[in-house]
Amino acid sequence: MNGREIEHLLSLIDQNMLRNTRRAEILAYLRDNEPAVLGALRSTEKVTVPTSSGSVEINLADLQALVA
Amino acid sequence: MLALSLTFLAATFILGPDLLSRWILSFVVPRRSLSQNRGEEVMRAIVWAAGPLALVILWTWVGHTLASWGSWGDVRVVSSGLYSSSFFDGHTDAFFRALPRVLGMVGSLLWRLYLIVLVCAVALDVAILRYSRLRSMLKPQWAKSLLASVVLPRVSEWHVLLSDMLLPTAEVYLGVDVLTKSGTLYEGEVQDRMLGADGSLQTLTLAGVRRFSRDAFHKALELDGSVRREDFWRNVPGELFVILGSDIASLNVRYEPKRAGASGFTLELSKDEAESVRSLLSKLSVPGTNGGEGI
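Residues numbered from 1 in each chain as written. Chains lettered and ligands numbered in written order. Predicted model: local features only at pLDDT ≥ 70, side-chain atom pairs only at ≥ 80, totals over all residues. Heavy atoms only, no water.

Notes on the layout of surface pockets
Residues and elements named next belong to chain B. As a reminder of what qualifies: Cavity means a closed set of points on a 1 Å grid over the protein atoms alone, one where a 1.4 Å probe fits but cannot get out, pocket means an open set with protein on both sides within 12 Å along at least 5 of 7 lines, and lining means a residue has an atom within 4 Å of a point. Grid points are joined across faces, edges and corners, and a volume is the space filled by probe spheres set on the points. Going along the chain from the N terminus, every DSSP run of H or I of four or more residues is numbered as a helix, and every run of E of two or more is numbered as a strand. We call Asp, Glu, Lys and Arg charged. Ala, Val, Leu, Ile, Met, Phe, Trp, Tyr, Cys and Pro are nonpolar, and the rest, Gly among them, are polar.
Quantified by volume, the second largest pocket comes out at close to 460 Å³. Going through the elements one at a time, α1 (2-25), α4 (72-83) and α6 (92-129) are the ones with two or more residues in the lining of the second largest pocket. A class-by-class count of the residues in the lining of the second largest pocket yields 15 nonpolar, 2 polar and no charged.

Okay, structure coming up:
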């Protein structure tokens, strides 16, 4: 592997770690803050989830599509 | 001395353009994935040198560029001086008068040659990166064949199959089912591939990998014929999963749609996690649950 290939591999690892961390944080927030999540979804059909890489806004339609 | 000069000119006019094109090509396709035999290598060097050189000669001929630097007589004086030491001794002043003119002529040919090769190589890089889009833009079959014959021979077959080169749209990702020689079945999203010097597949790197519990499935199937195959996939934890190319028995390449909502949001969920989200959403439709009316 040359330097560029190693750097590409490292960036893939970074991306996947970030994606997995973000995913875990979103699921934990949905699980631990159920009343607030349900309230937000009922009133605005979307919920804002704080994560270590910034807030993520999830629409009700997106959540429904995930489990469809 | 003349032989040395001719060797230098051959290197700069024939080998240099090929090396430059390879270097630029390596930015989008790993150099090792270039899969060519000796004949193709020679053909490639000739094309990369002869085609642009013909354009350069046309360019300088139309612009009378070489004449502005020197004449054919200057070339004769310099080449004779390089060939024969007695000619050099007898015409030293003429040789050194002609030398900068000839160097100027060579230089004016060379910078044009390398500029054309640079532009062609970058265009080829763009064609490789945008291959799928270019292919869909071309309607006639002959144009598609021409594009393939120009672009694809420079790329390993594995790179074509296991990169996003052939992805029809950005809305799909490249997924594979990998059956190893030990009989284990994995599925995941292709992240990277390492290719050997001959273009062979060395390793395949996947993310979001699941392993199929084949033995457990067959045992359960013997007991209950209605078991679902989907229930026997197990997530493999980790950031990247590397399979050696030598361990792969077969590959099933899939273009799977990305599971994203209208806003582009996507989240990969396990069976339990999907059930948890489903449970959450079901509470939305129950009036009065957690304060509020159903929607």
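Re unusual backbone geometry
Residue and element names in this part refer to chain A. What counts here: Only protein chains enter the accessibility calculation, which uses a 1.4 Å probe. A residue is then buried if its area is under 20% of the maximum for its type, exposed if over 50%, and partly exposed in between.
Here the phi dihedral of E45 falls at roughly 60 degrees; this positive angle occurs in a residue that is not glycine. Looking at where E45 falls in the secondary structure, it is placed in the loop between α2 (34-44) and β1 (46-51). Since its relative accessible area comes to 47%, E45 is described here as partly exposed.

Section: α1(B)
Rules: A helix is expected to span 1.5 Å multiplied by its residue count minus one. Residue contacts are counted whenever heavy atoms from the two residues lie within 4.5 Å of one another.
Taking 1.5 Å of rise per residue, the 24 residues of α1(B) would be expected to cover 34 Å, and the 34 Å separating its terminal C-alpha atoms lies within 8% of that figure. Lining the buried residues of α1(B) we find α2 (38-63) and α6 of chain B.

Details of the confidence of the model for chain B
Fine structural detail should not be taken from predicted coordinates in areas where pLDDT scores are low. All names here are of chain B. Short version of the rule: Values of pLDDT, which run from 0 to 100, indicate the predictor's confidence residue by residue.
A residue-level look at chain B finds 91% of positions with pLDDT of 70 or above and a mean pLDDT of 81. Predicted confidence for residues 290-295 stays below pLDDT 50, and this span has 16 contacts to residues more than four positions away or in other chains. Model confidence for the complex: the whole-complex pTM is 0.60, and ipTM, which rates the interface, is 0.78.

Regarding the packing of α4(B) against α6(B)
Residue and element names in this part refer to chain B. Which entries qualify depends on this criterion: Here an angle of 0 to 180 degrees is reported between the N-to-C directions of two axes, which are lines fitted to C-alpha atoms, with helices fitted over the stretch in contact. Roughly parallel covers angles under 35 degrees, roughly antiparallel covers those over 145, roughly perpendicular covers 65 to 115, and oblique covers all other angles. In this scheme, a crossing is called left-handed if the near helix is turned counterclockwise away from the far one by less than a right angle; it is called right-handed if the turn is clockwise.
Interaxial distance between α4 and α6 falls to 8 Å at its minimum, and their mutual angle equals 115 degrees. One finds that α4 runs roughly perpendicular with respect to α6. Relative to α6, the crossing made by α4 is left-handed. Between α4, through D74, V75, V77, V78, G81 and L82, and α6, the contact on the second element is made entirely by A94, F95, A98, L99, R101, V102 and M105. Within the contact of α4 with α6, the residues separate by chemical class into 10 nonpolar, 1 polar and 2 charged.

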